[in-house]
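# Coordinate inspection notes
The primary structure of each chain is shown beneath.
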Amino acid sequence: MIIVYRRIVLLFNILPMRTSTFQNNNMFVETGPIIKGEIFTDEVCFMQHKNSQGFNPYAKVKLLIDTGSNISGIDCKIIKELSLNRYEHNSEVNGVGGTHSLSRFRCILFLHIFGMKGLPLDVLEGDYSSSPYDGIIGRDVLQFCTFEYHGPSNSFQLKAMNF
């Protein structure tokens, strides 16, 4: 399965175009492919952390790659710990059980496939406490990547494009 990507201008587009790959067979669990990442409160915290200019709180997370979701989500515990900025209005989302009204927050997502850049991202609040992951990556992130699932080996490959 390959997801078609579109070009994005990232917040920190400094390096020339390149492709980065994440491949790890151990990160595929029964529920699907999982990738490790980091969530930052805002651009300033991200830049200070990556440039080793002091300690800023961030969360190391495991994220399920969910090609069926059009928006990413993070566990409510992480949102509280980081005091992420909440939008004034909730978002209406169609999902299992019908339409749901969920809180939407702003953060910076860092995945190793992004090099040293962060992706400004809106995420929905969810309860992932009983899952082996802390949130999901939806098509809002995957649109900038290619994703390949290799059925016989039960492995996957995720590539960021033009970062």
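All figures in this text were calculated on a predicted structure; none of them were measured in a lab. (Residues numbered from 1 in each chain as written. Predicted model: local features only at pLDDT ≥ 70, side-chain atom pairs only at ≥ 80, totals over all residues. Heavy atoms only, no water.)

Pairs of aromatic rings are described using the distance from one ring centre to the other and the angle between the two planes. Enumeration according to the criterion identifies five aromatic pairs in this entry. Pairing Phe 40 with Phe 46 gives two aromatic rings, centres 5.2 Å apart and planes at 85°, and the pair type is edge-to-face. For the residue pair Phe 40 and Phe 46, the accessibility class agrees, reading buried in each case. Centroid distance Phe 46 to Phe 110: 6.0 Å. Interplanar angle 40°. Geometry classified as tilted. Remark: Phe 110 occurs in strand S9 (residues 104-111) and Phe 46 occurs in helix H1 (residues 43-50); sequence separation between them is 64 residues. For the residue pair Phe 46 and Phe 110, the accessibility class agrees, reading buried in each case. Connected via pairs of aromatic rings, a cluster forms that spans Phe 40, Phe 46, Tyr 58 and Phe 110. (Phe/Tyr/Trp six-rings, centres within 6.5 Å; stacked < 30°, edge-to-face > 60°. Buried < 20%, exposed > 50% of the residue type's maximum accessible area, 1.4 Å probe, protein only. Helix = DSSP H or I, 4+ residues; strand = E, 2+ residues; numbered from the N terminus.)

Quick look at the confidence of the model for the protein chain now. Interpretation of the predicted coordinates at a detailed level should be avoided for regions scoring low in pLDDT. Averaged over all residues, the pLDDT of the protein chain is 82; the fraction at 70 or higher stands at 82%. Averaged over each element, pLDDT in the protein chain is lowest for strand S1 (residues 20-23) (44) and highest for helix H2 (residues 76-82) (97). Taken as a whole, residues 1-26 scores under 50 in pLDDT and shows 76 contacts with residues more than four places along the chain or in a different chain. (pLDDT = per-residue confidence, 0-100. Contact = heavy atoms within 4.5 Å.)

This brings us to the nonpolar core. Buried together is how nonpolar side chains tend to be arranged in soluble globular proteins. Core analysis: the largest hydrophobic core is formed by 29 residues, its most contacted members being Ile 39, Leu 63, Leu 109, Leu 111, Phe 114, Val 141 and Leu 158. At the level of elements, strand S3 (32-40), strand S4 (58-65), H2, S9, strand S10 (119-126), helix H3 (139-142), strand S12 (145-150) and strand S13 (155-160) are the ones that each hand at least two residues to this core. Formed by five residues, the second largest nonpolar core is a distinct cluster that contains Leu 64, Tyr 128, Tyr 133 and Ile 136. (Core = buried A, V, L, I, M, F, W, Y, C linked by side-chain atoms within 4.5 Å.)

It is worth spelling out the pairing of S10 at this point. Within S10, six of the eight residues are buried, which leaves it mostly tucked inside the rest of the structure. With four bridges connecting them, strand S5 (residues 72-75) and S10 associate as parallel partners. Paired with Asp 75 across the bridge in S10 is Gly 126. As judged from the six bridges shared by S9 and S10, these two strands associate in the antiparallel manner. Bridged to Ile 108 within S10 is Pro 120. (Pairing = 2+ DSSP bridges.)

A separate point is unusual backbone geometry. Not every positive phi belongs to a glycine, and Ser 83 is a case in point at roughly 50°. Tracing the chain through its elements places Ser 83 in the loop between H2 and strand S6 (85-86). For Asn 154, which is not glycine, the phi torsion reads 55° and is therefore positive. With respect to the helices and strands, the residue Asn 154 is situated in the loop between S12 and S13.

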